[in-house]
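For reference, the chains in residue letters:
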Amino acid sequence: IARLLIAIAKEQSITVRWLEYFGKRENRMTYIALPVDIFDFDAMSNYILEAYRNCQDPKKEWIAEECLIDRVNCGDPSLTKWGVDLSESPSVVAKGEKMAAAFFFSSEDEYPAIKPSIYGFNPPNEQFNAFSHICERIIEEGLQDRYQFFVKLHPRYIAEKAKLNHAQRQWDLALTRARQLGLNFELVDPLASAYKVIAEVDLVFSYGSTAWEATYLRKPAVLMGPNFFSTHDCVYIANSIEDVITYLKNPPNPKPIVNCYPYAWAWRELGNKVQEFNQDARGGLPWLMASTLKNRFYSHIQGLTIDF
């Protein structure tokens, strides 16, 4: 639907302003108004960083800090729909004497529409293949004797099992292959709290916002995929499997926490529009489509704001 709207708007010379959904808490949604394509993570990251730097509000760091504290204490607002309750989250096995590294993988349905990024692995919707190659290089370099590895898949693999069935089968093959190679790792429950895992490890690799959160939690974090904070210098960037191996051989120091602030500030302040979520689907598919579009997209045409 989004791609179709982009094509029609371009053909008709209509300027479209996207409202990106940033999470739901207490049945209220927060949207962020963006003048850039929501599928272009590099452009979004630059836009957020520039807006934060240009903000003259003396409370902007306090606003960002408050957002980060809320996120760590309560989790990503979207976690609740996938059944993650941080207060009831299962614990992870405590690490031993070795250094510990954790790999956090996103769900395969998050990336197909995203434009290619200069930051991180491409294509990011084949993470299971990248993981297999990473495991091969870990064994080749003998790093399995230096680290205890944790692997955590996205909660969607539990909450939306049927939808992600094909990807789950690919992950099962990749994980089996890793063990056959001789790599022992702790497969963490997808519904476990990412923050509990971060607390146990020395180095975090992530395809998503877990890298950003790990930096806030004072852990060195490496981003392996495109994200809204790629240009903020709040994480290290791995563009290849060799980059991953380099970081494992030479673990970096954590990035400064203040580098997490632009993205956190944007959650609360960057043109956000908080409203009740429209769940009106009384007329079947047509009403559901209209409701979806109303919640996601606005277009500004000749000074008029039109609700889709």
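Residues numbered from 1 in each chain as written. Predicted model: local features only at pLDDT ≥ 70, side-chain atom pairs only at ≥ 80, totals over all residues. Heavy atoms only, no water.

**Here's the deal with the sheet that holds strand β5 (residues 185-188)**
Read across the sheet, six strands follow the order β5-β4-β3-β6-β7-β8 without closing on themselves; strand pairing throughout is parallel. The open sheet terminates on both sides in strands that have one partner only, identified here as β5 and β8 (236-237). Pairing of strand β6 (residues 203-206) with strand β7 (residues 221-223), which is carried by three bridges, proceeds in the parallel orientation. In the strand pairing of β7, serine 206 is matched with leucine 223. The sheet contacts of helix α6 (residues 165-181) involve β4 (147-152) and β5, and relative to β5 the element is tilted by about 160 degrees. (Pairing = 2+ DSSP bridges. Helix = DSSP H or I, 4+ residues; strand = E, 2+ residues; numbered from the N terminus. Contact = heavy atoms within 4.5 Å. Axes fitted to C-alpha atoms, helices over the stretch in contact; angles between N-to-C directions.)

**Let's talk about the packing of helix α4 (residues 127-140) against helix α9 (residues 241-249)**
For any two helices packed against each other, the geometry comes down to the angle between their axes and how far apart the axes lie. Where α4 meets α9, the closest approach of the two axes is 10 Å, and the angle between their N-to-C directions is 45 degrees. Judged by the angle between their axes, α4 and α9 are oblique. Note on packing geometry: the crossing formed by α4 with α9 is right-handed. Here α4 contributes Ala130, His133, Ile134, Arg137 and Ile138 to the contact with α9, which in turn contributes Ile241, Glu242, Val244, Ile245 and Leu248. For the contact of α4 with α9, the residue count by class is seven nonpolar, one polar and two charged. (Parallel < 35°, antiparallel > 145°, perpendicular 65-115°, else oblique. Left-handed = near helix turned anticlockwise from the far one by under 90°. Nonpolar A, V, L, I, M, F, W, Y, C, P; charged D, E, K, R; others polar.)

**Points about α4**
Under the 1.5 Å per step criterion, the end-to-end length of α4 is 20 Å for 14 residues, consistent within 8% with the ideal 20 Å. Every buried residue of α4 is listed here: Gln127, Phe128, Ala130, Phe131, Ser132, Ile134, Cys135, Arg137 and Ile138. Against the buried residues of α4 lie β3 (99-104), β4, α6 and α9. Looking one or two residues past α4, glycine 142 carries a phi angle of roughly 70 degrees, positive in sign. (Expected span 1.5 Å × (residues − 1). Buried < 20%, exposed > 50% of the residue type's maximum accessible area, 1.4 Å probe, protein only.)

**Remarks on the pairing of β4**
Where burial is concerned, most of β4 is hidden: six out of the six residues are buried. The two faces of β4 match: Tyr147, Phe149 and Val151 on one face and Gln148, Phe150 and Lys152 on the other face are all buried. Note: β3 against β4, six bridges, orientation parallel. Pairing of methionine 99 across the sheet is with tyrosine 147, part of β4. Following the chain from β3 across α4 to the adjacent parallel β4, one finds a crossover that is right-handed. Examined bridge by bridge, β4 and β5 share four bridges and lie parallel to one another. (Right-handed = clockwise from strand over helix to strand, strands pointing away.)

**Here's the deal with the packing of aromatic side chains**
Summed over all chains, the structure comprises 20 aromatic pairs. Judged by centre distance (4.8 Å) and plane angle (10 degrees), the rings of phenylalanine 103 and phenylalanine 205 are stacked. In this pair, phenylalanine 103 sits in strand β3 while phenylalanine 205 sits in strand β6, placing the two residues 102 residues apart along the sequence. Relative to tryptophan 171, the ring of phenylalanine 105 has its centre 4.6 Å away and its plane inclined at 55 degrees; by these criteria the two rings are tilted. Separated by 66 residues along the polypeptide, phenylalanine 105 in the loop between β3 and α4 and tryptophan 171 in helix α6 bring together distant segments of the chain. Per residue, the accessibility class of phenylalanine 105 equals that of tryptophan 171, and both read buried. Connected via pairs of aromatic rings, a cluster forms that spans Phe103, Phe105, Phe121, Phe128, Phe131, Tyr147, Phe149, Trp171, Phe185, Phe205 and Tyr207. If you follow lysine 60 out to its NZ or CZ, it ends over the ring of tyrosine 52, 4.3 Å from the centre. Cation over ring: lysine 255 sits above tyrosine 236, and NZ or CZ is 4.4 Å from the ring centre. (Phe/Tyr/Trp six-rings, centres within 6.5 Å; stacked < 30°, edge-to-face > 60°. Lys NZ or Arg CZ within 6 Å of the ring centre and 35° of its normal.)

**Details of the side chain of arginine 156**
Mapped onto the elements, arginine 156 comes out in helix α5 (residues 156-159). Given the relative accessible area of 14%, arginine 156 is considered buried. The residues touching arginine 156, leaving out its near neighbours within four places in the chain, are Trp82, Ser107, Asp109, Glu110, Lys161 and Leu164.

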